[in-house]
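Report on the structure
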Amino acid sequence: MEDSTRVAFVSLGCAKNTVDSEKMLGQLAEAGCLITADVSDADIVVINTCGFLQAARLEADGLIREAVEAKARGHLKRIVVAGCLVQRDKEQILDRIEGIDAIVGVNNRDDIVRAVLGSGQREPGPGADIFLCDYHPFTQLDTARLRITPRHYAYLRISEGCDQKCTFCTIPAIRGRMHCKPPGVILDEARELASDGAVEINLIGQDTTSYGLGADVFDGGLAGLLRRLDRVDGIEWIRLMYAYPSVLSDEIVDAIAECEKVCNYIDLPLQHISDRVLKAMGRRIDRAATERLLRRIRERLPDVTVRTTLIAGFPGETDEDFKELKEFIREYRFAALGVFPYSMEPDTPAGRMDKQIPEGVKQQRVEELMLAQQEIAFELAQQQVSKRFEVLVDEKVGKDMARGRHEGQAPDVDSATYIEGCRARPGQFVRVQCVGREEYDLVAKPARVR
Ligand code: SF4
């Protein structure tokens, strides 16, 4: 295929999928494909899908069908579908949607060039190229990415797959058992990202806190890895995402406290707080242990930002369970909190449970929790007024305004800090003084530019 083959790439889902998309984009660019952000300007479209929840699968199906219609109108030559939906549904996706030319599972990500160029093995019948296998012996390397995040921050995947057994979750069935990258590989990737302009590194995996504890044992585990990453030149911020409560050890908390570059921030999905619901969810922790953990974190890391996510409407969740959850967020006052309605996934243990909660009740409970959280978030934001802190500029908004984040604000999921009278460029750190808030976001003025 001539070098001028124009490929559009649609990246859906979580930060792990973003890294997969960046890696596939890097391979396609290296193979001479021209990457375009505009599907209507492309010969080939790659849709990297999410398969985690029903809502995500419907979104992916919708986009694939749009591409099939565009191909039928002669606007596209080839459609390649990749990612978690393919790994979950396998060849069934070809029966469900006609017109797909190639499918690429998560373990075959590095076959993307063959899938796009159309040189794979071809099954009889619909004639799609199929790149699928159930297992990958190790976590695939994420070097030589063509990054889609802004240059100054990046996601660094330290492991893939998960050994936890949350009863509502489809990820272990899609991404398999946990595999960890060796520390040396992670350090090389961090150096590559730093030399590519990233000053903030967000550590991701399904369960980052089990790093080095599963099939792949690495001395020091995540705590050891944080201490080694702390010495990588060019990196200013290291952020811990996707921590699992029962394996968030004192050693990890100490490393966060003692490593200068590790943000005073922990993304710690708790999902619920009622012992009965936590047990039904298969979460390996109960209320008492969760509270001990939060106290330990806050004693050892003053001013720490703990972000969490909760599920409302899990099968069998009673009014008492829900009341307990609401009181819990009022008592522990998280700076950042996301609430999701339980999504009934048929091929999970929770999906087969009795006492499924009606959709209306789920939505009602999500709204109540978000309303309670809004009050807390606004109060905590107000308490930032007059404080001084560093902000990493993400983008210019208008001539003299910049949008950025302080170390307690993760990219893509948390609130932001707007800096008035700021001419700094994206990727620059600005010392600011907080002068107010707009809803969840902070408003600040430059105190000093570094
Ligand atoms: S920790 Fe639980 S929710 Fe997260 S990926 Fe693993 S099984 Fe799923």
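See the structure above.
First, a word on what this report is: a plain description of the structure on this page.

Focus on the packing of helix H9 (residues 250-258) against helix H11 (residues 287-300)
- Axis separation between H9 and H11 bottoms out at 10 Å; the angle between their running directions is 25 degrees. Put simply, H9 runs roughly parallel to H11. Considering only the axes of H9 and H11, their crossing is right-handed. Facing Asp250, Val253, Asp254, Ala257 and Glu258 of H9, the residues of H11 in contact are Arg296, Ile297 and Arg300.
- Looking at side-chain class alone, the contact of H9 with H11 contains three nonpolar, no polar and five charged residues.

A short note on the packing of aromatic side chains
- One pass over the structure, following the stated rule, counts eight aromatic pairs.
- Judged by centre distance (6.2 Å) and plane angle (85 degrees), the ring pair of tyrosine 153 and tyrosine 155 falls under edge-to-face. Neither residue differs from the other here; tyrosine 153 and tyrosine 155 are each classed as buried.
- An aromatic cluster is built from Phe168, Phe314 and Tyr342, whose rings are joined through pairwise contacts.
- The ring of tyrosine 265 carries arginine 239 above its face, with NZ or CZ at 4.7 Å from the centroid.
- The ring of phenylalanine 334 carries the charged tip of arginine 298 above its face, separated from the ring centre by 5.5 Å.

Thoughts on helix H12 (residues 319-332)
- Here H12 spans 20 Å end to end across 14 residues, near enough to the 20 Å set by a 1.5 Å rise per residue.
- Buried residues of H12: Asp321, Phe322, Leu325, Lys326, Phe328, Ile329 and Tyr332, and no others. Buried residues of H12, viewed axially, fall in a sector of 155 degrees; they line one side. Pointing more than 90 degrees away from the buried face of H12 are the exposed residues Asp319, Glu320 and Lys323.

Focus on the sheet that holds strand S7 (residues 153-157)
- Strand order in the open sheet made by the six strands is S7-S10-S11-S12-S13-S14, with parallel pairing throughout. Each having just a single partner strand, S7 and strand S14 (336-341) make up the two edges of the open sheet. Sheet twist, expressed as the average angle between the axes of neighbouring strands with direction ignored, equals 20 degrees.
- As paired strands, strand S12 (residues 262-267) and strand S13 (residues 305-312) are joined by three bridges and run parallel to one another. Bridging from a neighbouring strand, tyrosine 265 pairs with threonine 305 of S13.

What counts and what doesn't
Residues numbered from 1 in each chain as written. Predicted model: local features only at pLDDT ≥ 70, side-chain atom pairs only at ≥ 80, totals over all residues. Heavy atoms only, no water. Axes fitted to C-alpha atoms, helices over the stretch in contact; angles between N-to-C directions. Helix = DSSP H or I, 4+ residues; strand = E, 2+ residues; numbered from the N terminus. Parallel < 35°, antiparallel > 145°, perpendicular 65-115°, else oblique. Left-handed = near helix turned anticlockwise from the far one by under 90°. Contact = heavy atoms within 4.5 Å. Nonpolar A, V, L, I, M, F, W, Y, C, P; charged D, E, K, R; others polar. Phe/Tyr/Trp six-rings, centres within 6.5 Å; stacked < 30°, edge-to-face > 60°. Buried < 20%, exposed > 50% of the residue type's maximum accessible area, 1.4 Å probe, protein only. Lys NZ or Arg CZ within 6 Å of the ring centre and 35° of its normal. Expected span 1.5 Å × (residues − 1). Arc of directions from axis to C-beta. Pairing = 2+ DSSP bridges.

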